[in-house]
Amino acid sequence: MPREDVTPLRLDAVELRRIELPLVSPFRTSFGTETARDILLVRVVAEDVDGWGECVAGNEPLYSSEYVEACQHVLQHHLIPRLFAHDRGRVSAQQVAKILEPVKDHRMSKGAIEAAVLDAQLRACGTNFATHLGAVRATVPSGVSVGIMDSIDQLVTTVGRYLDDGYVRIKLKIEPGWDIEPIAEIRRVFGDSVPLQVDANTAYTRDDGAHLAQLDRFGLLLIEQPLPEDDVTGHAIIAREVGTPICLDESITSAEAAIDAIERGACSIVNIKAGRVGGYLEAVRVHDVCAERGVPVWCGGMLETGIGRAMNLALAALPNFTVTGDVSASERFWARDIVDEPVRLNDGHVTVPTRPGCGVEIDQEFLDSVTTSTVTLAS
Ligand code: SMG
Ligand code: MG
């Protein structure tokens, strides 16, 4: 296995930068509609090399308890001071989780700073994320996540456009009142061979097993996170009532949580998002424990900019990522990305970056033009 420790770097400064990026179209899930993202980027300056990390928390605490303003606070007042205090600011990405362990949860914040440290270290030694994490593929198939729409007609038009673009798998967001009918219509219009899955973002209850079993006739790849994140037992109950495989997203907050959910029969597929589990290194551990148990995984998305997108592609190229992920092109969400090489769709696939670190460079002029605030902390 690669992924061995890389040389620690001395952190000279950390910049917390907030940007505002409008989405090309509103994105509606069972918990709300987003039209723009307020994104927190973390830049570490370490021994003359920069490293970037992206915090995936949303504007509001709706996907999970984390939200961008709180992430900025905990990074500024609790996480970064602990890193500066460790060995006079000398840290390696592999030490970050341990150093930050006394601070409970806040995984998206921890993941963002760990990513920035890892990016700096890998740039310093000329290695890329893919090699470091253990990637085995140069390109990965690209799936797209489609929000809840105002009408089924609008959904059909949108899905048709993504299929024309070449996406090889469609994920539809569902909620009570927007499930059986829209799926039936998508199957009727586009046929049974389109790889299709649904994501409920916790919108159902333990009583909905029989209702969700009506989705079985559509041959879906999986149903993602039907119940609240802390209801692992409920998912095990639903998994017995529904023929379609149950996949967990929000519930999987660590490798330990993944083992627990798998052993309790709550899921047979796992969605991995680095931010949700506290960073790319824990994400690799989740990948590994799932692989050891024969459970396939796929890479989730959190409407990332080109920074998080590039890192996600490295992760999605690991061997047990055998299910197509939410690794769409930058243009799926952004009119213009903040990096020099936005993710592009090529025959339904996206290319894993190969340059050092996360493999993309910041478009500084554009980044500055969308920046809403910057705080610099010096060690
Ligand atoms: O980045 O392609 C993407 C978005 C994928 O649907 C997506 N993410 O629960 O999986 C999920 C959602 C979470 C984000 S909604 C704010
Ligand atoms: Mg999800």
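Structure report, in brief. Here the residue index of a chain counts from 1 through its sequence in written order. For this description, chains carry letters from A and ligands carry numbers from 1, given in the order in which they are written. Reporting in this predicted model follows two pLDDT cut-offs: at least 70 for local features of residues, and 80 or more for side-chain atom pairs to be given and counted; totals over whole chains, interfaces and linings ignore these cut-offs and use all residues. The basis for every side-chain value is the complete set of heavy atoms in the structure, and neither hydrogens nor water enter the calculation.

Looking only at helices and strands, one finds 13 helices and 14 strands in the chain. Taken over the C-alpha trace, the chain has a radius of gyration of 20 Å; the compact-globule value for 379 residues is 21 Å, and the two agree within 12%. The dimensions of the chain, computed from C-alpha atoms along their principal axes, are 60 × 40 × 35 Å. For the chain, the residues scored as buried account for 58% of the 379 residues in total. Long-range contacts, defined here as pairs at least 24 residues apart, represent 74% of the contacts in the chain between residues at least 6 apart. Of the roughly 14700 Å² of accessible surface on the chain, 48% is carried by carbon and sulfur atoms. Here a strand is any run of E in DSSP of at least two residues, a helix any run of H or I of at least four, and the numbering for each starts at the N terminus. The globule rule used here is 2.2 Å times the number of residues to the 0.38 power, and the radius of gyration it is set against is calculated over C-alpha atoms. Type-normalised accessible area, obtained with a 1.4 Å probe on protein chains alone, sets the label of each residue: buried when under 20%, exposed when over 50%, and partly exposed for intermediate values. Note on definitions: a residue-residue contact is assigned when non-hydrogen atoms from the two residues lie within 4.5 Å. All accessible-area figures derive from a Shrake-Rupley calculation using a 1.4 Å probe, and residue coverage is judged against the displayed protein chains alone.

The donor set covers N, O and S atoms within 2.8 Å of the metal, switching to 3.2 Å for Na, K and Ca, and it leaves out water, so a site may look short of donors. Within the protein, the magnesium ion (ligand 2) binds to D199 (OD), E224 (OE) and D249 (OD); these donor distances fall in the range 2.1 to 2.3 Å. Sequence positions of the donors to the magnesium ion (ligand 2) reduce to the motif D-x24-E-x24-D. Within this pair, whereas E224 is found in strand β9 (residues 223-224), its partner D249 is found in the loop between β10 (246-248) and α9 (255-263), the two being separated by 25 residues in sequence.

Take the site of ligand 1 next. Close contacts around ligand 1 come from 20 residues, with S145, K171, N201, K273 and L303 the closest. Under the rule applied, a polar contact is a pair of N or O atoms within 3.5 Å (in protein, one hydrogen donor and one hydrogen acceptor; residues adjacent in sequence only if both atoms are side-chain atoms). Contacts to ligand 1 include D199, whose side-chain N or O atom sits 3.1 Å from an oxygen atom. Note that an oxygen atom of ligand 1 is positioned 2.8 Å from one of the backbone N or O atoms of L303. Out of a free accessible area of 440 Å², ligand 1 has 97% covered by protein chains. Following the grouping adopted for this structure description, the nonpolar residues are Ala, Val, Leu, Ile, Met, Phe, Trp, Tyr, Cys and Pro, the charged ones are Asp, Glu, Lys and Arg, and the polar ones are all others, Gly among them. Taken together, the residues of the shell around ligand 1 break down into six nonpolar, five polar and nine charged. Any residue with at least one heavy atom within 4 Å of a molecule or strand is counted as near it.

Residues of helix α2 (residues 93-100) that are buried include every one of A93, V96, I99 and L100, and no others. Each buried residue of α2 lies within a common arc of 95 degrees when the element is viewed along its axis, so the set occupies one face. Elements in contact with the buried residues of α2: α1 (68-85), β4 (90-91), α3 (107-125) and α11 (280-292). Regarding the arc, it is the one traced by the directions from the helix axis to the C-beta atoms.

Paired strands are those between which DSSP finds at least two bridges. Strand order in this open sheet of seven strands is β6-β7-β8-β9-β10-β11-β12, and the pairing throughout is parallel. At either margin of the open sheet sits one strand with a lone partner, and together these are β6 (143-146) and β12 (297-299). As defined by bridge partners, strand β8 (residues 196-199) adjoins β9 across two bridges and the pair is classed as parallel. If you follow D199 over to β9, its bridge partner there is E224.

What follows covers helix α12 (residues 306-316). For an α-helix, the turn length of 3.6 residues means that residues three or four places apart are oriented alike. For α12, the buried fraction is high: eleven of the eleven residues fall into the buried class. Those residues of α12 not exposed but buried are G306, I307, G308, R309, A310, M311, N312, L313, A314, L315 and A316.

Once that is clear, we can look at the pattern of salt bridges. We define a salt bridge as a side-chain nitrogen of Lys or Arg found within 4 Å of a carboxyl oxygen belonging to Asp or Glu. Applying the stated rule across the entire model yields 28 salt bridges. R10 serves as the salt-bridge partner of D12, at 3.3 Å between the closest nitrogen and oxygen. The partly exposed category is assigned to R10, whose relative accessible area is 31%. E15 is paired through a salt bridge with R17; the nearest N and O atoms lie 3.0 Å apart. Overall, the relative accessible area of 8% leaves R17 in the buried class.

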